[in-house]
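Observations on the three-dimensional arrangement
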Amino acid sequence: MSGVNKVILIGNLGSDPQIRYTPQGTAVANFSVATTEKFTNKNGERESRTEWHRVVAWSKLAEICSQYLKKGKQVYIEGRIQTRQWDDKDGNKRSSTEIVATNMVMLG
């Protein structure tokens, strides 16, 4: 049996998408999405916790995100979690976990 790697986020954009193109001409858009969880703590007080997610979209979806999404707008993102690793210019190991978007719906 194979595993499942699926993420669904509903949140607000923290920045306008930044689009770039690979040397082969494929569009890539990067942006952040904030999700906020509201809960009551053990003392009965209301609290909220915001989590920031890095999102990357490819090809036509990247172009659509770049064209229509703006900072602060609510969005539904569906995709998968991916962690990349690389060595920085000083030779240090670096990593980044991001959501690779496969579907996007503008909300609100």
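Let me sum up the structure you'll find in this document. Predicted model, so just to flag it, every value in this text is computed and none were measured. (Residues numbered from 1 in each chain as written. Predicted model: local features only at pLDDT ≥ 70, side-chain atom pairs only at ≥ 80, totals over all residues. Heavy atoms only, no water.)

**A look at the environment of Leu-61**
As a reminder of what qualifies: Helix and strand assignments come from DSSP, with helices taken as H or I runs of at least 4 residues and strands as E runs of at least 2, each series counted from the N terminus.
Mapped onto the elements, Leu-61 comes out in helix α1 (residues 59-68). In this structure, the C-alpha to C-alpha distance between Leu-61 and Thr-102, residues 41 residues apart in sequence, is 7.7 Å.

**Some details on the nonpolar core**
The cut-off we apply is this: For our purposes a nonpolar core is just a set of buried Ala, Val, Leu, Ile, Met, Phe, Trp, Tyr and Cys residues, chained together by side-chain atoms within 4.5 Å. Relative accessibility under 20% of the residue-type maximum defines a buried residue, over 50% an exposed one, and the middle range a partly exposed one, all with a 1.4 Å probe and only protein chains included. Whether two residues are in contact is decided by their heavy atoms: any pair within 4.5 Å suffices.
Phe-31 and Ile-77 are the most contacted members of the largest nonpolar core, which has 18 residues in total. Secondary structure elements with two or more residues in this core: β1 (7-13), β3 (27-40), β4 (46-58), α1, β5 (74-87) and β6 (93-106). Residue contributions to this core peak at four residues, all from β3. Leaving out residues up to four positions away in the same chain, Ile-77 has contacts with Val-7, Ile-8, Leu-9, Phe-31, Val-33, Val-55, Ile-99, Ala-101, Asn-103 and Met-104.

**Description of α1**
Where we set the bar: An arc is given here, and it is the one of the directions from the helix axis to the C-beta atoms.
Of the residues making up α1, those classed as buried are Leu-61, Ala-62 and Cys-65. Relative to the axis of α1, the buried residues are bounded by an arc of 105° and lie together on one face. Exposed side chains of α1 directed beyond 90 degrees from the buried face belong to Lys-60 and Gln-67.

**Thoughts on the pattern of salt bridges**
What counts is decided by this rule: Just to be clear on terms, a salt bridge is a Lys or Arg side-chain nitrogen sitting within 4 Å of an Asp or Glu carboxyl oxygen.
In the structure shown here, the tally under the stated rule is four salt bridges. When the shortest N-O distance is used, the salt bridge between Glu-37 and Arg-49 registers 3.4 Å. Placement of the pair is Glu-37 in strand β3 and Arg-49 in strand β4, with a sequence separation of twelve residues. On the basis of relative accessibility, which here comes to 42%, the residue Glu-37 falls in the partly exposed class.

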